[in-house]
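In case you want the letters, here they are:
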Amino acid sequence: MAHWLFKSEPSAYSIDDLAREGRTEWSGVRNYQARNLMKAMKVGDQAFFYHSNATPPGIVGICRVAAEAHPDSTQFDSKSPYHDAASTPERPRWECVDVAFVARLPRIVTLEELKARRELAGMAVVQRGSRLSVQPVAAAEWKHIVMLARQGASNG
DNA sequence: GCCAACGTTGGC
DNA sequence: GCCAACGTTGGC
């Protein structure tokens, strides 16, 4: 089972929003690399929920893929900020998965902590300048972060 | 609010 | 196909 990370600005859509709604279409992604990663997701895959542009930025929860990639409904909506005039229902350009809430982490694991961990140095989210909003997470990275969240803040 | 890094667009 | 200009992301 693969693991992933979804970024969201909490002012736009937070872990609390997902907890309340239970499930949502991860619409609005307009980056080909992120789209391709979503197309590779399988139902049941688990993902971290990351708050970007937050104070502090970091991983706050876990969600799971509830539906495989399907055309992103917002691309056809002329009133949506994510409308794409070049996309048609016959030839949709953008796809997205549905995600469901699983849990909040016991505590936020901040970007600062992620950066401080040698074991996590390969993660896209800690790369300077990485703007990819959907990212793969290696199994070892997943375990490490879950452990960090459980054991509390650490300087090691 | 600033600005570096990045992806996309479009002129040529 | 190149690359400058532009818009966006996201940490700080």
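Caption draft 1: Structural view of the overall build of chain A. Across its full length, chain A carries four helices and six strands. Mapped from its N terminus to its C terminus, chain A presents α and β elements in the order β-α-β-α-β-β-β-α-β-α. The C-alpha radius of gyration computed for chain A amounts to 16 Å, which stays within 12% of the reference 15 Å derived for 156 residues, consistent with globular compactness. Counting the 156 residues in chain A, one finds 47% classified as buried. Long-range contacts, defined here as pairs at least 24 residues apart, represent 73% of the contacts in chain A between residues at least 6 apart.

Caption draft 2: Representation of the pattern of salt bridges within the structure. Going through the model one piece at a time under the given rule, you end up with seven salt bridges. Asp-98 is the salt-bridge partner of Arg-23, the closest N and O atoms lying 3.0 Å from each other. Separated by 75 residues along the polypeptide, Arg-23 in strand E2 (residues 23-25) and Asp-98 in strand E5 (residues 95-110) bring together distant segments of the chain. By relative accessible area, Arg-23 is classed as partly exposed at 42%. Assessed through its relative accessible area of 12%, Asp-98 is described here as buried.

Caption draft 3: Region of the structure containing the protein's contact with DNA strand C. The immediate surroundings of DNA strand C are formed by Lys-7, Tyr-50, Ser-52, Asn-53, Pro-57, Leu-111, Lys-115 and Arg-131. Take the atoms of DNA strand C that sit within 4 Å of the protein: sugar and phosphate atoms are 69% of them. With respect to DNA strand C, the side chain of Lys-115 contributes an N or O atom lying 2.9 Å from a phosphate oxygen. A distance of 2.9 Å separates a base oxygen of DNA strand C from a polar side-chain atom of Arg-131. Taken together, the residues that form the surface near DNA strand C break down as three nonpolar, two polar and three charged.

Caption draft 4: Seen up close, the sheet that holds strand E3 (residues 46-51). Pairing in this open sheet of six strands is mixed, and the strands run E2-E5-E4-E3-E1-E6 from one edge to the other. Each of the sheet's edge strands pairs with one partner strand only, and the pair in question is E2 and strand E6 (134-137). Here the average twist between neighbouring strands, direction ignored, is 35°. Judged from the ten bridges that link them, strand E4 (residues 58-71) and E5 form a sheet pairing that is antiparallel. Within E5, the residue paired with Ile-62 across the bridge is Ala-103.

Caption draft 5: View of the state of the cysteines. Enumeration over the complete set of coordinates arrives at zero disulfides. Considering cysteine sulfurs only, Cys-96 is the nearest to Cys-63, which forms no disulfide, with 13 Å between them. Residue classification places Cys-96 among the buried residues on the basis of a relative accessible area of 0%.

Caption draft 6: Structural context of the protein's contact with DNA strand B. Surrounding DNA strand B, one finds Asn-31, Tyr-32, Arg-128, Gly-129 and Arg-131. Taking all atoms of DNA strand B within 4 Å of the protein, the share assigned to sugar and phosphate is 65%. Class assignment for the residues of the surface near DNA strand B results in one nonpolar, two polar and two charged.

Caption draft 7: Expanded view of the side chain of Asp-84. Residue position: Asp-84 is located in the loop between E4 and E5. At 2.9 Å, the side chain of Asp-84 and the backbone nitrogen of Ala-86 are in polar contact. The contacts of Asp-84, once residues within four sequence positions are left out, are Gln-75, Arg-93 and Trp-94.

About the thresholds
- Residue numbers restart at each chain and count upward from 1, following the sequence in its written direction.
- For this description, chains carry letters from A and ligands carry numbers from 1, given in the order in which they are written.
- pLDDT decides what is reported in this predicted model: residues at 70 or higher carry local features, side-chain atom pairs at 80 or more are listed and counted, and totals for whole chains, interfaces and linings draw on all residues regardless.
- As a rule here, side-chain values come from all non-hydrogen atoms in the structure, and water together with hydrogens is ignored.
- Comment: elements are numbered from the N terminus, with helices defined as DSSP H or I runs of at least four residues and strands as E runs of at least two.
- The quantity called the radius of gyration is restricted to C-alpha atoms. Its globule counterpart is 2.2 Å times the number of residues to the power 0.38.
- Only protein chains enter the accessibility calculation, which uses a 1.4 Å probe; a residue is then buried when its area is under 20% of its type maximum, exposed when over 50%, and partly exposed in between.
- By definition, residues are in contact when any of their heavy atoms lie within 4.5 Å.
- Within this document, salt bridges are pairs made up of a side-chain nitrogen of Lys or Arg and a carboxyl oxygen of Asp or Glu, the two lying within 4 Å of each other.
- Near residues are defined by distance, with any heavy atom within 4 Å of the molecule or strand qualifying the residue.
- Under the rule applied, a polar contact is a pair of N or O atoms within 3.5 Å (in protein, one hydrogen donor and one hydrogen acceptor; residues adjacent in sequence only if both atoms are side-chain atoms).
- Gly falls in the polar group here, along with every residue not listed as nonpolar (Ala, Val, Leu, Ile, Met, Phe, Trp, Tyr, Cys, Pro) or charged (Asp, Glu, Lys, Arg).
- We call two strands paired when DSSP finds no fewer than two bridges between them.
- Axis lines are fitted through C-alpha atoms, for helices just across the contact stretch, and the angle between N-to-C directions can take any value from 0 to 180 degrees.
- In this description, a disulfide is simply a cysteine sulfur pair whose atoms lie within 2.5 Å.

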